[in-house]
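Results of the structural survey
The primary structure of each chain is shown beneath.
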Amino acid sequence: MTDHTGGPVAAATGPQPHGFDERPAATPVQRLQHVLHARPILGPLAVLLLAIIAFSLVSDRFLTAANLGLVMQQVTVIAVLALGQTLVILTAGIDLSVGAIAVFSSIIMASLATDLGMPGVPALVLGIACGTAMGAFNGFLVTRIALPPFIVTLGTLSIFFSLNSVVSRSETVRGTDMPSIMTWTGITFPIGDFRITYGSIIMLALFAFFYYALGYTAWGRHVYATGDDIEAARLAGIRTGRVLFSVYAVAGLVYAIGAWVLIGRLASASPNVGIEYNLNSITAVVLGGTSLFGGRGLVVGTLVGALIVGVFQNGLQLGGVDVVWQGFAIGLLVLVAVSIDQWIRKVRA
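The residue numbers shown here count from 1 along each chain, following its written sequence. Local features in a predicted model are, by the rule used here, given only for residues with pLDDT of at least 70; side-chain atom pairs are given and counted only at 80 or more, and totals for whole chains, interfaces and linings are based on all residues. Side-chain numbers come from the whole structure's heavy atoms, not from hydrogens or water.

1. Some remarks on the overall build of the protein chain
Note the following rule: Secondary structure elements are taken from DSSP: a helix is a run of H or I of four residues or more, a strand is a run of E of two residues or more, and numbering for both begins at the N terminus. We call a residue buried when its accessible area falls under 20% of the maximum for its residue type, exposed when it is over 50%, and partly exposed in between, using a 1.4 Å probe and counting protein chains only. In what follows, a contact means two residues having at least one pair of non-hydrogen atoms within 4.5 Å.
What the protein chain contains, in helices and strands, is 14 helices and 4 strands. Overall, the protein chain is about 100 × 55 × 35 Å in size when its C-alpha atoms are taken along their principal axes. Relative to its 349 residues, the protein chain shows a buried fraction of 48%. If you take every contact in the protein chain between residues at least 6 apart in sequence, the share linking residues at least 24 apart comes to 76%.

2. Some remarks on the pairing of strand 3 (residues 194-197)
Here is the rule we go by: At least two bridges found by DSSP between two strands are what make those strands a pair.
Pairing of strand 2 (residues 188-191) with strand 3 involves 4 bridges; the strand directions are antiparallel. If you follow proline 190 over to strand 3, its bridge partner there is arginine 195. Connecting strand 2 to the next strand, strand 3, in antiparallel fashion are 2 residues, including glycine 192 with a positive phi near 70°.

3. What about the packing of helix 8 (residues 198-216) against helix 11 (residues 240-266)?
Worth spelling out the cut-off: The axes are straight lines fitted to the C-alpha atoms, using for helices just the contacting stretch, and the angles between their N-to-C directions are given from 0 to 180°. Each angle gets one of four labels, with under 35 degrees taken as roughly parallel, over 145 as roughly antiparallel, 65 to 115 as roughly perpendicular, and the rest as oblique. In this scheme the crossing of two helices becomes right-handed for a clockwise turn of the near helix relative to the far one and left-handed for an anticlockwise turn of less than a right angle.
The interhelical angle for the contact between helix 8 and helix 11, taken along N-to-C directions, is 165°, at an axis separation of 10 Å. One element, helix 8, and the other, helix 11, form an angle in the roughly antiparallel class. Relative to helix 11, the crossing made by helix 8 is left-handed. Between helix 8, through Gly199, Ile202, Leu206 and Phe210, and helix 11, the contact on the second element is made entirely by Val250, Val254, Ile257, Trp260 and Val261.

4. A word on the packing of aromatic side chains
Quick reminder of the rule: Only centres within 6.5 Å qualify two rings of Phe, Tyr or Trp (six-membered ring in Trp) as a pair; their planes then separate them into stacked at under 30 degrees, edge-to-face at over 60, and tilted for everything else.
Here the structure, examined in full by the defined rule, presents 9 aromatic pairs. Ring plane angle 65° and centroid distance 6.3 Å describe the contact between tyrosine 211 and tyrosine 216, whose orientation is recorded as edge-to-face. Where tryptophan 325 meets phenylalanine 328, the ring centres are 5.2 Å apart and the plane angle is 70°; that geometry is what we call edge-to-face. Pair noted here: tryptophan 325 and phenylalanine 328 are both in helix 14 (residues 323-345), with a separation of 3 residues, about one helical turn. Of the residues examined, tryptophan 325 reaches a relative accessible area of 52% and is grouped as exposed. Put simply, the rings of Trp184, Phe189, Tyr198 and Trp260 touch in pairs and so form one group of aromatic residues.

5. Brief notes about the confidence of the model for the protein chain
We apply this condition: Residue-level confidence of the predictor is what pLDDT reports, using numbers from 0 through 100.
Residues at a pLDDT of 70 or more form 90% of the protein chain, whose mean pLDDT is 88. For residues 4-14, every residue scores under 50 in pLDDT, and the model assigns this stretch 6 contacts once sequence neighbours within four places are set aside.

6. What to know about the nonpolar core
Stated formally: Throughout this description, the term nonpolar core refers to a set of buried Ala, Val, Leu, Ile, Met, Phe, Trp, Tyr and Cys residues connected via side-chain atoms within 4.5 Å.
Met109, Met182, Phe210 and Phe312 are the most contacted members of the largest nonpolar core, which has 94 residues in total. When residues in this core are grouped by element, the largest group, 14 residues, is from helix 3 (residues 65-90). Filtering out sequence-adjacent residues up to four positions away, methionine 109 remains in contact with Ala123, Leu124, Gly127, Ile128, Met182, Ala256, Ala259, Trp260 and Ile263.

7. Focus on the side chain of asparagine 164
Topologically, asparagine 164 is positioned in helix 6 (residues 149-168). According to the relative accessible area criterion, asparagine 164 is buried, its value standing at 0%. Discounting chain neighbours no more than four positions away, the residues touching asparagine 164 are Val103, Phe104, Ile107 and Pro271.

8. Thoughts on helix 13 (residues 299-318)
Heads up, the rule is: For a helix, the expected span equals 1.5 Å multiplied by the residue count minus one.
Between its terminal C-alpha atoms helix 13 stretches 29 Å, which fits the 28 Å expected from 20 residues at 1.5 Å a residue. Among the 20 residues in helix 13, 16 count as buried, and that is most of the element. At the C-terminal side of helix 13, glycine 320 shows a positive phi close to 80°.

9. Examining the environment of valine 75
Tracing the sequence through the fold places valine 75 in helix 3. Along the sequence, valine 75 and isoleucine 308 sit 233 residues apart, while their C-alpha atoms lie 9.3 Å from each other. Not counting residues within four places of it along the chain, the set of residues in contact with valine 75 comprises Ala306, Leu307 and Gly310.

10. Points about the packing of helix 4 (residues 98-114) against helix 6
Between helix 4 and helix 6, the least distance of the axes is 9 Å, while the angle of their chain directions is 20°. Considered as vectors, helix 4 and helix 6 are oriented roughly parallel to each other. Crossing geometry of helix 4 relative to helix 6 is assigned as left-handed. Contact with helix 4, carried on its side by Gly99, Ala100, Ile101, Val103, Phe104, Ile107, Ile108 and Ser111, involves Leu157, Phe160, Phe161, Leu163, Asn164, Val167 and Ser168 of helix 6 and no other residues of that element.

11. A few points about the pattern of salt bridges
Formally: The working definition used for a salt bridge is a side-chain nitrogen of Lys or Arg within 4 Å of a carboxyl oxygen of Asp or Glu.
Counted by the stated rule, this structure contains 3 salt bridges. The salt bridge involving aspartate 177 is made with arginine 174; its shortest N-O contact spans 3.3 Å. Overall, the relative accessible area of 42% leaves aspartate 177 in the partly exposed class. A relative accessible area of 52% means that arginine 174 is categorised as exposed. Note that arginine 234 and glutamate 231 form a salt bridge whose closest N and O atoms lie 2.5 Å from each other. In this pair, arginine 234 and glutamate 231 both sit in helix 10 (residues 230-235), 3 residues apart, roughly one turn of the helix. Residue classification places arginine 234 among the partly exposed residues on the basis of a relative accessible area of 41%. In this structure glutamate 231 comes out as partly exposed when scored by relative accessible area, which is 40%.

Below you can see the structure in the form of structure tokens.
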């Protein structure tokens, strides 16, 4: 067979020109990389399952209903705060003022109810409004003044903690001095042999709500688009400034609800807690598979990440591991999680 110039034409079954060879078959590692890229929740779930199996072998008390209920109670506050942190990180931001907003909101609630004698429900509402306003202030500085989120929240971290000390006069408000609605989130009730708090129910309800909001609403799609590529999102007609502002305001609202859960957990409102909440919330988000570079992650993953932290802390305690090494283990987990995220992001279609 010849072509129109009279030259030979290679048979269809003959060797193909360079560049047209079929792509080599993916290795098992590459297939795993593709799976984790498509379903980022699988990685955190596997870590959680392995941790549960390992610690159940270390201690026969680990899988008891009483201990598992304790783990759930311990992670409730961090999980709620990490939920708000997830919203911010999905937009490629970071919020270092998480703990300061939560603690200041709890002090506002407690002070309104005790110092001013305000009924519990209005005090709660005003405290939650205060937390929302603090989050909105962060959003204003990020969107209107165009300051980097890291710098903004680093500054407001100091501002809010300072105001917290002024308002509280560095004194703890006891739960017995507050209306019962304030500490209601710390009340436990049984589900079979398992005991859970009302705060944990609020936490699960929040995760269910934001799972729907991020996955099935236009606002959620805009949050992901803004975090993935803010310039492309702007060119697509998304009002990225409004999206970012709303994310920080909603995050402040979530932190304030976390403050209510915190009061119930501690049976008090203390100005001397919360320093570790910033890193713990980020840890839960990262372990849950949400990318620190924005645009990828699930709130369900954050819940799993918080459970991973709780399971590791509880399991290491039952195993008699020193507190210092518990922190070492969690820090190592974070480094591994970020490294895996970087590896997953390099996946090629």
